[in-house]
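The primary structure of each chain is shown beneath.
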Amino acid sequence: MLDLLAHRVYRHLFFAQVIALIGTGLTTVALALLAHDLAGGQAGVVLGTALAIKMVAYVGIAPLVGAYASRLPRRTLLVSLDLLRAAVVCTLPFVTEVWQIYVLIFLLNAGSAGFTPVFQATIPDILENEEQYTRALSLSRLAYDLENLLSPMAAAALLMVMGFDVLFVLNAVAFIISAALVISVILPAPRPLEEAPGVWRRVTHGMRIYLKTPRLRGLLALSLAVSAAGAMQIVNTVVLVRSILDLGEKEVALTFAAAGGGSMLVALLLPKVLERVPERPVMLLGGVMMALSLYLGWLGPSFAELVGLWLLLGAGASLVMTPTGRLLKRSCQPEDRPALFAAQFSLSHSCWLVTYPLAGWLGVNLGLTGTFALLGTVALATTGLAALIWPRQEAMVIEHEHAPQNHTHLHYHDEHHQHEHEGWEGPEPHRHFHRHAQGSHRHVFIIDDHHARWPS
């Protein structure tokens, strides 16, 4: 995996991602302390509301950025969003009211909702080899897991010698370094996007590709399984360890670390596995593992058993999340990648928007035993649904019919555009009125402007 870092452009982008993640982890800790300063005993309510606002920003902003990302220079867009996030976190130390936290958290995560999908859609254009791209996905997964493990530890060490306000400044510095790393390389330009009439059509373009592709509908079901299991782990771990098992803060940190450790282990092993096994059985196994970990929690685990369950849960979540980029890359035209990655970002976070409050509400009103069982059932049912809607034998090359069509759009002369010209049309890609005759042919099938429905 580390051989990828010999690729200069990828290396700079990877370290830009890692540094920004570490800074974000410091802000997560500092934000909790700021909420306690402002709200005292109501800090949990403030943080819960801020988390919901974060998810709303992710769900609402990502499709908007995805709709126009192919029309904007990538490097300029990524640097601008990094600088926006740096400016926002610099203002957090001056907050004096709770509502100001909510506004700034929305702005901060609106920047992240734009940055992350565009960043993810750029990597397959840099690493076009499938094997390299698979290793890059695992390396990215490791970066997220290391951030979850190391940022709280780094924050705890820094807080011994400085106030929490300084953590916000360090995060701003991290975003500025990230922007400098992006500036230092030349990114491949996105392919010109075929014209999509109307703002609404642009915004929903990635969603339509996503929801009309069977394998991606299966991915959405598995994303709900991941969010059900992850919400149980993130929301209720502190209750399980402190209130049920009557243990301390160190044990809370160790329990969180177990989920990250399971995820890291799978991310290290998965590239070799995916060379031999397709994504579908690997990802469905991940869903079953997460459901099993929740059902076993129904038995009232000891601390050691809970650590083992969270290790299993983290491993299952990584089996689902790590191969996701491969599915997205395979399911769209290169020019549609920003829109499709944005759709995945938005839809997957919609699942968290549901399961975060559900895990908290069930824990209070149903008890943790019942919450384990109910969320385990959600994870198992959505994994079963994914198995049903994601075909077991998935042909890439599909014979399909084309109805006759007349239209005007930006195009290259591919298998769908073999027509006569009068000489004024100019170099490819170009736009002019043209006709598609009725006919059938075979090729790798993906949803785009010429393939509006999946063949039955």
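Now for a description of the structure that goes with this document. In this text the structure is predicted, and so the values were computed from the model without any measurement.

**Concerning the overall build of the protein chain**
Here is step 1 of the chain: Within the protein chain, the secondary structure is distributed over 14 helices and four strands.
Here is step 2 of the chain: Counting all 456 residues of the protein chain, 51% fall into the buried class.
Here is step 3 of the chain: When the accessible surface of the protein chain is totalled, it reaches about 20300 Å², and 66% of it is carbon and sulfur.

**A closer look at unusual backbone geometry**
Here is step 1 of the chain: One non-glycine residue, aspartate 246, lies in positive phi territory at about 60°.
Here is step 2 of the chain: With respect to the helices, strands and loops of the structure, aspartate 246 is situated in the loop between helix H8 (214-244) and helix H9 (249-274).

**Here's the deal with the packing of aromatic side chains**
Here is step 1 of the chain: Applying the stated criterion to the full structure yields seven aromatic pairs.
Here is step 2 of the chain: Between phenylalanine 14 and phenylalanine 15, the ring centres sit 5.6 Å apart and the planes meet at 65°, which makes this aromatic pair edge-to-face.
Here is step 3 of the chain: Under the relative-accessibility criterion, phenylalanine 15 is labelled partly exposed at 35%.
Here is step 4 of the chain: Arranged with centres 5.2 Å apart and planes meeting at 45°, the rings of tryptophan 352 and tyrosine 356 form a pair that is tilted. With a gap of four residues between them, tryptophan 352 and tyrosine 356 both fall in helix H13 (residues 337-365), about one helical turn apart.

**As for the pattern of salt bridges**
Note that side chains of opposite charge can pair when their charged atoms are close.
Here is step 1 of the chain: Counted by the stated rule, this structure contains five salt bridges.
Here is step 2 of the chain: Residues arginine 74 and aspartate 125 are paired through a salt bridge, measuring 2.7 Å at the closest nitrogen-oxygen approach. Of the two residues, arginine 74 sits in helix H3 (residues 74-91) while aspartate 125 sits in helix H4 (residues 98-126), which places them 51 residues apart along the sequence. This pair shows no difference in class: arginine 74 is buried, exactly as aspartate 125 is.
Here is step 3 of the chain: The closest approach of N and O atoms between arginine 330 and glutamate 279, which form a salt bridge, is 2.6 Å.

So, how was this worked out
Residues numbered from 1 in each chain as written. Predicted model: local features only at pLDDT ≥ 70, side-chain atom pairs only at ≥ 80, totals over all residues. Heavy atoms only, no water. Helix = DSSP H or I, 4+ residues; strand = E, 2+ residues; numbered from the N terminus. Buried < 20%, exposed > 50% of the residue type's maximum accessible area, 1.4 Å probe, protein only. Areas by Shrake-Rupley, 256 points an atom, 1.4 Å probe, with all protein chains shown as cover. Phe/Tyr/Trp six-rings, centres within 6.5 Å; stacked < 30°, edge-to-face > 60°. Salt bridge = Lys/Arg side-chain N within 4 Å of Asp/Glu carboxyl O.

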